[in-house]
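Spelled out from the first residue to the last, the chains are:
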Amino acid sequence: MRTPLAVITGSASTLLQDGASISESTRHDLLTTVLEEAERLNRLIRNLLDMTRLESGAVKVKKEWLPLEELVGSALGRLEARLAGRDVHVELPRDLPLVPCDAVLIEQTLINLLENAAKYSTGQVDITAAVRGAEVVVEVADRGPGIPPGEETRVFEKFHRAAREGSAEGVGLGLTICRAIVSAHGGRIWVQNRPGGGASFQFALPIEGEAPKLPVSEQSEPTALEQHA
């Protein structure tokens, strides 16, 4: 936590001490830095609190039958600023069934995976899903440097950051939280490198029980889209 706090303190100190003499562009840059580092600190604290709640068992999974496209859309909406200028391609099959899951927790899983993709790549991010047996498998894939050999399991360990090219931001909790959430749903999560470069993070959620029937009007709605965020 000291790194973003030091940057915020330094920028604020400069504004207070030299505010009358610095240019408008420099003032803008310093204020932008304060905002970005405050947001970074907020994400760090959020992840620490989430991890504490998950480890203590304070988080209870409240499953509902939900359309996956709504969860994906909500996650993308919350990351609109972070993904600005980034091509995000979402392709979900029309016949994808409702998924029994906790909306808040699975949305957080998607957010963490998308933030991870944005951190380590500058190209297109792909979000897909498919039914495989009695599971729905969701994939968030990027075109970054991929995962170093032998790191495929360790990237989900607490405070571990793989030696990947790209941003060093973060403390290695986002993927750990993803694993804890998916495991609490009775699912599994893994990562593999993509042909042509990049990492593919996938998680599987079990389909247990019988989903309620969708109205005909909802069944006809398309669920594939391409967003240029």
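Residues numbered from 1 in each chain as written. Predicted model: local features only at pLDDT ≥ 70, side-chain atom pairs only at ≥ 80, totals over all residues. Heavy atoms only, no water.

Here we take up the packing of helix α1 (residues 2–18) against helix α2 (residues 24–56). Two elements in contact, α1 and α2, have axes whose closest approach is 9 Å; the angle formed by their N-to-C orientations is 155 degrees. Here α2 runs roughly antiparallel to α1, going by the angle between their axes. Handedness of the crossing formed by α1 with α2: left-handed. Residues Thr3, Pro4, Leu5, Val7, Ile8, Ser11, Ala12, Thr14 and Leu15 of α1 form the contact with α2, whose participating residues are Arg27, Leu30, Leu31, Thr33, Val34, Glu37, Ala38, Arg40 and Leu41. Of the residues in the contact of α1 with α2, the class split is 11 nonpolar, 4 polar and 3 charged. (Axes fitted to C-alpha atoms, helices over the stretch in contact; angles between N-to-C directions. Helix = DSSP H or I, 4+ residues; strand = E, 2+ residues; numbered from the N terminus. Parallel < 35°, antiparallel > 145°, perpendicular 65-115°, else oblique. Left-handed = near helix turned anticlockwise from the far one by under 90°. Contact = heavy atoms within 4.5 Å. Nonpolar A, V, L, I, M, F, W, Y, C, P; charged D, E, K, R; others polar.)

A surface patch of nonpolar side chains, amounting to about 350 Å² of accessible area, comprises Met1, Leu5, Ile45 and Leu49. With respect to the helices and strands, Ile45 occurs in helix α2. Look at Ile45 and you get partly exposed, because its relative accessible area is 34%. (Patch = residues over 30% accessible without salt bridge, like charges linked within 9 Å, V, L, I, M, F, W, Y side chains within 5 Å. Areas by Shrake-Rupley, 256 points an atom, 1.4 Å probe, with all protein chains shown as cover. Salt bridge = Lys/Arg side-chain N within 4 Å of Asp/Glu carboxyl O. Buried < 20%, exposed > 50% of the residue type's maximum accessible area, 1.4 Å probe, protein only.)

Considering the arrangement of structural elements, one finds Asp126 in strand β4 (residues 125–132). Polar contacts involving the side chain of Asp126 include one to the side chain of Gln124, which spans 2.5 Å. Residues within four places of Asp126 in sequence aside, it is in contact with His89, Glu139, Val140, Ala141 and Arg194. (Polar contact = N/O pair within 3.5 Å; in protein donor to acceptor, adjacent residues only side chain to side chain.)

Now for the environment of Arg179. With respect to the element layout, Arg179 can be found in helix α5 (residues 174–184). The spacing of Arg179 and Phe203 is 24 residues in sequence and 8.7 Å in space, taken between C-alpha atoms. Look past the residues within four positions of Arg179 in its chain and what remains in contact with it is Phe156, Glu157 and Ile189.

Here we take up the pairing of strand β6 (residues 188–193). Pairing between β6 and strand β7 (residues 199–206): 6 bridges, direction antiparallel. Bridging across to β7, Trp190 finds its partner in Gln202. Remark: 5 residues form the turn of the hairpin made by β6 and β7, two consecutive strands paired antiparallel; Gly196 in that turn has positive phi of roughly 90 degrees. (Pairing = 2+ DSSP bridges.)

Since one α-helical turn is 3.6 residues long, residues separated by three or four positions face the same way. For helix α4 (residues 103–120), spanning 18 residues, the distance from its first C-alpha to its last is 26 Å, which sits close to the expected 26 Å at 1.5 Å a residue. A large share of α4 lies buried, amounting to 15 of its 18 residues. Two or three places before Val104, at the start of α4, stands the capping residue Asp102, its side-chain oxygen 3.1 Å from that residue's backbone nitrogen. (Expected span 1.5 Å × (residues − 1).)

Of all hydrophobic cores here, the largest spans 45 residues; its most connected members are Leu68, Val72, Leu76, Leu110, Leu114, Phe201 and Phe203. Sorting elements by how many residues they give to this core places α4 first, with 8 residues. Beyond its immediate chain neighbours, meaning those up to four positions away, Leu68 contacts Leu92, Leu96, Ala129, Val136 and Val138. (Core = buried A, V, L, I, M, F, W, Y, C linked by side-chain atoms within 4.5 Å.)

A separate point is the confidence of the model for the protein chain. Here the protein chain shows a mean pLDDT of 85. Residues at 70 or above account for 88%. In the model, residues 218–229 has pLDDT below 50 throughout and makes 28 contacts with residues more than four positions away in sequence or in other chains. (pLDDT = per-residue confidence, 0-100.)

Glancing now at the pattern of salt bridges. For the coordinates displayed, the defined rule picks out 8 salt bridges. The partner of Glu115 in a salt bridge is Arg82, and the shortest N-O contact between them spans 3.7 Å. With a gap of 33 residues between them, Glu115 in helix α4 and Arg82 in the loop between α3 (68–78) and β2 (87–91) connect regions that are remote in the sequence. Given the relative accessible area of 12%, Glu115 is considered buried. Residues Glu157 and Arg154 are paired through a salt bridge, measuring 4.0 Å at the closest nitrogen-oxygen approach. Each of the salt bridges in this network shares a partner with another, and the network as a whole consists of Glu151, Arg154 and Glu157.

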